[in-house]
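Listed here are the chains, written in short residue letters.
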Amino acid sequence: MAAKNGVTYRAFAYLRLSREDGDKEESNSIANQRQFIMDYVSRQDDIVLMREYCDDGFTGTNFERPRFRMMMSAIERGEADCVIVKDLSRFGRDYIDSGKYIQKIFPMLGVRFIAINDNVDSGRSDRSDDLIIPFKNLINDSYCRDLSLKLRGQFRVQRKKGEYIGAYVFFGYVKSKTDRHKLEIDPFAADVVREIFQMKLKGNSQQQIADDLNAKGIPAPAEYKKLCGLKYQSGFQQGAESCWTAVAVTRILTNRIYTGCLEQGKRSTPNYKVKKMVERPQDEWVVVEHNHEPIIDDKVFTAVQRVLKRDTRISKNGVVRPLSGYLYCGDCKNQMVYRSVKRSGVIHGYYVCGANRAGRGCSSHSFSAEKLEEAVLRAINAWIKLVTDVRKDSQKLGDERLKFYRAQRYDDLIEAKRREIDDNKDYRMKLYESLVDGVITREEYVTLRQRYTQKIEECQEELKRLEEELGKINDGLLMSCSWMDHFLQYGQAESLNRELVMLAVDQIFIYEDKRFEIVFNFKDELEEIRKYLDYVSKEAG
Ligand SMILES: [Zn+2]
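Thresholds applied
- Residues numbered from 1 in each chain as written.
- Predicted model: local features only at pLDDT ≥ 70, side-chain atom pairs only at ≥ 80, totals over all residues.
- Helix = DSSP H or I, 4+ residues; strand = E, 2+ residues; numbered from the N terminus.
- Buried ≥ 20, exposed ≤ 12 C-beta atoms within 10 Å, placed from the backbone.
- Pairing = 2+ DSSP bridges.
- Contact = placed C-beta atoms within 7 Å.
- Axes fitted to C-alpha atoms, helices over the stretch in contact; angles between N-to-C directions.
- Core = buried A, V, L, I, M, F, W, Y, C linked by C-beta atoms within 7 Å.
- pLDDT = per-residue confidence, 0-100.
- Parallel < 35°, antiparallel > 145°, perpendicular 65-115°, else oblique.
- Nonpolar A, V, L, I, M, F, W, Y, C, P; charged D, E, K, R; others polar.
- Arc of directions from axis to C-beta.
- Expected span 1.5 Å × (residues − 1).

Things to note about unusual backbone geometry
Here the phi dihedral of Lys333 falls at roughly 65 degrees; this positive angle occurs in a residue that is not glycine. By secondary structure assignment, the location of Lys333 is in the loop between strand E12 (327-329) and strand E13 (336-343). Even without being a glycine, Cys362 presents a positive backbone phi close to 55 degrees. In this fold, Cys362 is placed in the loop between helix H13 (354-357) and strand E15 (367-368). For Cys362, a count of 19 C-beta atoms within 10 Å puts it in the partly exposed group.

Considering the sheet that holds strand E1 (residues 9-17)
One open sheet accounts for 5 strands, arranged E2-E1-E3-E4-E5; its pairing is mixed. Only two strands of the sheet have a single partner each, and these edge strands are strand E2 (47-56) and strand E5 (120-121). Here helix H2 (residues 30-42) sits on the sheet in contact with E1, E2 and strand E3 (82-85), set at roughly 160 degrees to E1. Helix-sheet contacts for helix H3 (residues 66-76) involve E1 and E2, and the interaxial angle to E2 is about 150 degrees.

Considering the nonpolar core
The biggest cluster of nonpolar side chains holds 55 residues, and the ones touching the most others in it are Val193, Ile196, Val249, Met336 and Tyr351. Dropping the residues within four chain positions of it, Ile196 is found in contact with Ile209, Val249, Ile252 and Leu253. Among the nonpolar cores identified, the runner-up in size contains 26 residues, and Phe12, Ala13, Leu15 and Val111 belong to it.

Description of the pairing of E13
Bridge count between E13 and strand E14 (residues 346-353): 8 bridges; the pairing is antiparallel. Bridge pairing in E14 links Ser340 to Gly349. Remark: 2 residues form the turn of the hairpin made by E13 and E14, two consecutive strands paired antiparallel; Ser344 in that turn has positive phi of roughly 40 degrees.

Topic: the sheet that holds E13
Judged by pairing direction, the sheet is antiparallel, and its 3 strands sit side by side in the order E13-E14-E15 without closing on themselves. Edge strands, defined here as strands with exactly one partner in the open sheet, are E13 and E15. Both E14 and E15 contribute to a ladder of 2 bridges, which runs antiparallel. Bridge assignment links Tyr350 to a residue of E15, and that residue is Ser368.

What to know about the confidence of the model for the chain
Do not read the fine detail of predicted coordinates wherever pLDDT is low. Predicted confidence across the chain gives a mean pLDDT of 76, with 74% of residues reaching 70 or more. When mean pLDDT is compared element by element in the chain, E3 scores highest at 95, while helix H7 (residues 141-160) scores lowest at 45. Per-residue pLDDT stays below 50 along residues 133-155; that stretch engages in 22 contacts with residues further than four places along the chain or on separate chains. Between residues 231-240, whose pLDDT stays under 50, and residues either more than four places distant or in other chains, the model counts 12 contacts.

Thoughts on the packing of helix H8 (residues 187-201) against helix H11 (residues 246-253)
It is at 10 Å that the axes of H8 and H11 come closest, and there the two elements cross at 95 degrees. As judged from the angle between their axes, H8 and H11 are roughly perpendicular. Of the residues in H11, those touching H8 at Val193, Ile196, Phe197 and Lys200 are Val249, Ile252 and Leu253. Looking at the contact of H8 with H11, its residues break down into 6 nonpolar, no polar and 1 charged.

Quick notes on helix H9 (residues 206-215)
When H9 is considered as a whole, its buried residues turn out to be Gln206, Ile209, Ala210 and Leu213. Mapping the buried residues of H9 onto a view down its axis gives an arc of 100 degrees, with all of them on the same face. Along its buried surface, H9 packs onto H8 and H11. Positioned one or two residues after H9, Gly217 has a phi angle of 75 degrees, which is positive.

Re helix H14 (residues 369-397)
For H14, with 29 residues, the first-to-last C-alpha span of 42 Å sits near the 42 Å given by 1.5 Å per residue. All buried positions along H14 are accounted for by Ala369, Leu372, Val376, Ile380, Ile384, Val387 and Ser394.

A closer look at the pairing of E1
Of all 9 residues in E1, 7 are buried; the element is thus mostly enclosed. Pairing geometry for E1 and E2, over 9 bridges, is parallel. Across the sheet, Arg16 pairs through a bridge with Asp55, a residue of E2. Pairing geometry for E1 and E3, over 3 bridges, is parallel. Note that in E3 the partner of Ala11 across the bridge is Cys82.

Re the environment of Thr302
With respect to the helices and strands, Thr302 occurs in helix H12 (residues 298-310). A sequence separation of 48 residues divides Thr302 from Thr254, and the C-alpha atoms of the two residues are 9.6 Å apart.

Structure representation (structure tokens):
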């Protein structure tokens, strides 16, 4: 028999049947296995079948099988250099012992091993690791299934407790030395993460960010892990990029782990046999907020998510106007679009209502791009000044005292709300007396009673909200002023740049009469802090 590559393998077929192992007679009968192997060999032009060894009635959990031993002796005498089984479970059900043969003994003896149904063929692979992977899946089917279910349950419990159980840690964090389930900040990688977010806010694309990091020689996550001496433990990390890529950057920009929030169970294997990860629906994720120290402020993270969304609507020629994607028609709420005309050699840019431009009604709302950008710059500068002043005031007072005052203020509000509820209940009760005394009619009674009841319900809703807020203040979860510090570093801007717009602005509405209205990103937070500063200064005065 001529082989394509000039090599002909002399093969032994190995057959095994055991009722103990739950083998089904029909599918795994000796005759069936024999036929299966013979069919396979007939399709190969480099294998000759020498003879078969058959262990009937012997379990696969060990290798103390008479025919198996005879086969091994014959191989050692050099009578064959290939072993073929129908599938791995015919060879053995014990992973460690089977692995020893497949990974060590057979390669040492120069024996090619083929398990037809499991696509295992050491003659087609130069890495014995590749052979062992399918092995792990099959050995003891029911055992694997039980274990898989047990582990899944255990993982879910740990996730709920906020314990980090991922096989590897996200770039920017390390596992705590004292508690390996807790995440701690890795200063070097955390700085890189911060830089990535800053660069995104400056208007860079993910590719530009990746290029910049590579140019600076900053190791990509997989590379960094290697440098730190961490081994890959997770299958899908294999083949990870050693250089930064746009995908790697996007992965970081969209990962909420950097805000201190632990989201786990986002992906899962459908069952213990299928290795491929699938996305799980969002409501099945296990999310633990404030789980660990954040690297990125919530507000910055949110701003970046907005930027990522907006990136899809940036102009085609690559020139990004600082306000692109932020302008909306004040009347029809459609996006404004940029247009330019050339008049006596000079280009004039202007924004118009997108709906009007597309011939879908509305009016032009035309606004000179230059003038609008100038006006927005002034408004942003005024806003930065305000934020800076508020921040200085709050710093003077100290964050702790501000927290104290806020809690006190909420206490007052809660107390007032409780009184309001009691008063309204009182009025409602007295209504009946008024009805009995003939002061009001039955109709009036019904209307007024309804009104008081509604008022009480509203107050109770409000009370609940206030109590929740107070809880958050006491937990130190509100009142983070860190978003303000981002603005302090800017001072007054001399020109409008996209970074500033992205950080400060949520939306800008343009009206037909050349009015415009800016919705700032942190307006609620700023307003709240100002309110408390006012309150505190009145108390002090
Ligand atoms: Zn419009």
